[in-house]
Amino acid sequence: LKDVKSGTKDDRAGYLELKKHIKRKDFGILVVLETSRIARKMKELVLFFSLLNENNIEYISIREPNYNTTTPDGKFAMNIRLGLIQFERDNTAERVTDRLYFKASKGQWVNGKPPIGYKLVNKRLEIDEEKAEIVRNIYEDFLNGYSLNQINNKLQFSWGSKQVKRILTNPTYKGYIRYGTRSNRKKNNREAFIVKGWHEAIIPEEKWEKVQSKFFTYLEIDKKDWSEEFKNMSKQAYDRFAKENVV
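Along every chain, residues carry numbers that run from 1 in the direction the sequence is written. Totals for whole chains, interfaces and linings use all residues, but because this is a predicted model, local features are given only for residues with pLDDT of at least 70 and pairs of side-chain atoms are given and counted only at 80 or more. Only heavy atoms go into the side-chain values, all of them from the structure, while hydrogens and water stay out.

*Asks:* I'd love a proper account of the overall build of the chain, names of residues and values included.
*Replies:* Numbering of helices and strands starts at the N terminus; helices are DSSP runs of H or I of at least 4 residues and strands are runs of E of at least 2. Within the chain, the regular secondary structure consists of nine helices and six strands. Type-normalised accessible area, obtained with a 1.4 Å probe on protein chains alone, sets the label of each residue: buried when under 20%, exposed when over 50%, and partly exposed for intermediate values. Considering the chain as a whole, with its 247 residues, one finds that 36% of them fall into the buried category. It only takes one pair of heavy atoms within 4.5 Å for two residues to be counted as in contact. Look at the contacts in the chain between residues 6 or more apart in sequence, and 58% of them connect residues 24 or more apart.

*Asks:* Got a sec to walk through the packing of helix 1 (residues 13-24) against helix 2 (residues 42-54)? Specific residues and values, please.
*Replies:* Axis definition: a line fit to C-alpha positions, over the contact stretch in the case of helices; interaxial angles, taken between N-to-C directions, run 0 to 180 degrees. Orientation of helix 1 relative to helix 2, taken along the N-to-C sense of each, is 30 degrees, at an axis distance of 10 Å. As the angle between them shows, helix 1 and helix 2 are arranged roughly parallel. Along the contact surface, helix 1 presents Tyr15, Leu18, Lys19, Ile22 and Lys23, while helix 2 presents Glu44, Phe48, Leu51 and Leu52. Residues were grouped as follows: Ala, Val, Leu, Ile, Met, Phe, Trp, Tyr, Cys and Pro as nonpolar; Asp, Glu, Lys and Arg as charged; and all remaining residues, including Gly, as polar. The residue makeup of the contact of helix 1 with helix 2, split by class, is six nonpolar, no polar and three charged. Oblique is the label for any angle not covered by the other classes, which are roughly parallel (under 35 degrees), roughly antiparallel (over 145) and roughly perpendicular (65 to 115).

*Asks:* So, the nonpolar core: which residues are in play, and what are the values?
*Replies:* Nonpolar cores were defined as sets of buried Ala, Val, Leu, Ile, Met, Phe, Trp, Tyr and Cys residues, with membership established by side-chain atoms within 4.5 Å. Tyr139, Leu168, Tyr173 and Ile202 are the most contacted members of the largest nonpolar core, which totals 22 residues. Breaking this core down by element, the ones donating at least two residues are strand 4 (124-127), helix 4 (129-143), helix 5 (148-155), helix 6 (161-169) and helix 8 (205-219). Here this core takes five residues from helix 4, the largest share from any one element. Apart from the residues lying within four places of it in its own chain, the contact partners of Ile202 are Gly117, Tyr118, Ile127, Ala132, Val135, Arg136 and Tyr173. Ranked by size, the runner-up nonpolar core spans 19 residues in total, among them Leu52, Ile57, Met78 and Leu82.

*Asks:* So, the pattern of salt bridges: which residues are in play, and what are the values?
*Replies:* For this analysis, a salt bridge means a side-chain nitrogen from Lys or Arg found within 4 Å of a carboxyl oxygen belonging to Asp or Glu. Under the defined criterion, the tally for this structure stands at eight salt bridges. The closest approach of N and O atoms between Glu34 and Arg63, which form a salt bridge, is 3.4 Å. Remark: Arg63 occurs in the loop between strand 2 (58-61) and helix 3 (72-105) and Glu34 occurs in the loop between strand 1 (29-32) and helix 2; sequence separation between them is 29 residues. On the basis of relative accessibility, which here comes to 22%, the residue Glu34 falls in the partly exposed class. Its relative accessible area of 54% is what places Arg63 among the exposed residues.

*Asks:* Give me the environment of Ala201: which residues, what numbers.
*Replies:* Among the structural elements, Ala201 can be located in the loop between strand 6 (193-196) and helix 8. Between the alpha carbons of Ala201 and Tyr173 there is a distance of 5.3 Å; along the sequence they are 28 residues apart. Excluding anything up to four places from it in sequence, Ala201 contacts Tyr118, Ile127, Tyr173, Lys174 and Gly175.

*Asks:* Run through the packing of helix 4 against helix 6, naming residues and quoting values.
*Replies:* As a packed pair, helix 4 and helix 6 sit with axes 10 Å apart at the nearest point and diverge in direction by 95 degrees. Compared by their axis directions, helix 4 and helix 6 come out roughly perpendicular. Taken together, the residues of helix 6 that come into contact with helix 4 (itself represented by Val135, Ile138, Tyr139 and Phe142) are Val164, Ile167, Leu168 and Thr169. Of the residues in the contact of helix 4 with helix 6, the class split is seven nonpolar, one polar and no charged.

*Asks:* Let's hear about helix 3: which residues, and what values?
*Replies:* Take the residue count of a helix, subtract one, and multiply by 1.5 Å to get its expected span. Between the first and last C-alpha of helix 3 there are 49 Å, a value that for 34 residues agrees with the 50 Å anticipated at 1.5 Å per step. Looking one or two places after helix 3, you find Gly107, whose phi comes out positive at around 95 degrees.

This is the structure:
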């Protein structure tokens, strides 16, 4: 195979064709000029050698005599290199995570794409007035008795009423930063937190808290112990109410 593009690109045609040959087990030994011609990203290199191993294909580098998996010494040297690569990759990821958690703990926005109503200017959240008005109207409508579905019917969000729920429960709108999602808490074994952010609030904190109180009232309704407000509802009417207001 002829691969003339840089090893920094993982989507080059020659490299992708090589991986197809490996998966088909078209050969038993792969001979390369040097390892950097395969890939220069640590993650991609680890994945590539895992692919070779899964398909029982040996590896020889012409300019790196120690990287020859057809011999015990060469296989040992390759395993050490891959272990060091993985070690450095894990350490780098940990350092990045530490830095992000530190910045977030000081109120800096590090969550990527800003929520509707804000825009990023020099890595800081600033209010996008046109879209911020949409957010204000959502909070006002909810406090005036509109359900999540009714609000979404007016706005036609792509994610439906779930997006309305996210807007109503996002502390960013009261001027705070929430960091540590369910997925990265599990991955990094760290606690999520909410702190005062650097940005200006779109929704006054008192109004935001009022919305939370009303919103979670819906979630706490127990079908077995209806409050005075719901005791005269039929089961069908209650289910319809819950569907419209609880996501």
